[in-house]
Amino acid sequence: MTKTIHAIYKDGLLKPLDPIEGIKENSAVEIIISIKEQLPHSILRFAGILSEEDAYAMSKVIEDAFEKVNPYEWKD
């Protein structure tokens, strides 16, 4: 029987993410490991594309815009 399970390697053990059905306790199994490449967060592709001055200017625009929001405007 072949079964694919997803697991995390932690503290020297493979820990299944979901219960494994069809395997009795203490059964001998053969494990083939395929390591998934962890991709960086999608926002990181934008890191470093703004100069420090541009980033500061953008932060200032955002701060100024949020100061104009009236938090009580949304109350019923």
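Going by the structure above, here's the rest.
Source: prediction; values computed, not measured.

Undergrad: Describe the pattern of salt bridges, naming the residues involved and giving the relevant values.
TA: The full count for this structure, using the stated rule, is one salt bridge. A salt bridge links D64 to K60, with the shortest nitrogen-to-oxygen separation between them at 3.2 Å. With D64 and K60 both in helix α1 (residues 52-67) and four residues apart, the pair spans about one turn of that helix. Assessed through its relative accessible area of 39%, K60 is described here as partly exposed.

Undergrad: Tell me about unusual backbone geometry, residues and numbers included.
TA: Even without being a glycine, D11 presents a positive backbone phi close to 55 degrees. Here D11 is to be found in the loop between β1 (7-10) and β2 (13-16). Take D11: its relative accessible area is 66%, and that puts it in the exposed class. Positioned with a positive phi, N26 is a non-glycine residue whose angle comes to about 65 degrees.

Undergrad: So what about a nonpolar patch on the surface? Which residues, and what values?
TA: Taken together, the side chains of M1, I5, Y9, L14, I20, I23, V29, I31, I33 and I35 present a nonpolar region at the surface, about 1,100 Å² in accessible area. Summarising the element assignment, M1 is placed in the segment before β1. The class for M1 is exposed, based on a relative accessible area of 81%.

What counts as what
Residues numbered from 1 in each chain as written. Predicted model: local features only at pLDDT ≥ 70, side-chain atom pairs only at ≥ 80, totals over all residues. Heavy atoms only, no water. Salt bridge = Lys/Arg side-chain N within 4 Å of Asp/Glu carboxyl O. Helix = DSSP H or I, 4+ residues; strand = E, 2+ residues; numbered from the N terminus. Buried < 20%, exposed > 50% of the residue type's maximum accessible area, 1.4 Å probe, protein only. Patch = residues over 30% accessible without salt bridge, like charges linked within 9 Å, V, L, I, M, F, W, Y side chains within 5 Å. Areas by Shrake-Rupley, 256 points an atom, 1.4 Å probe, with all protein chains shown as cover.

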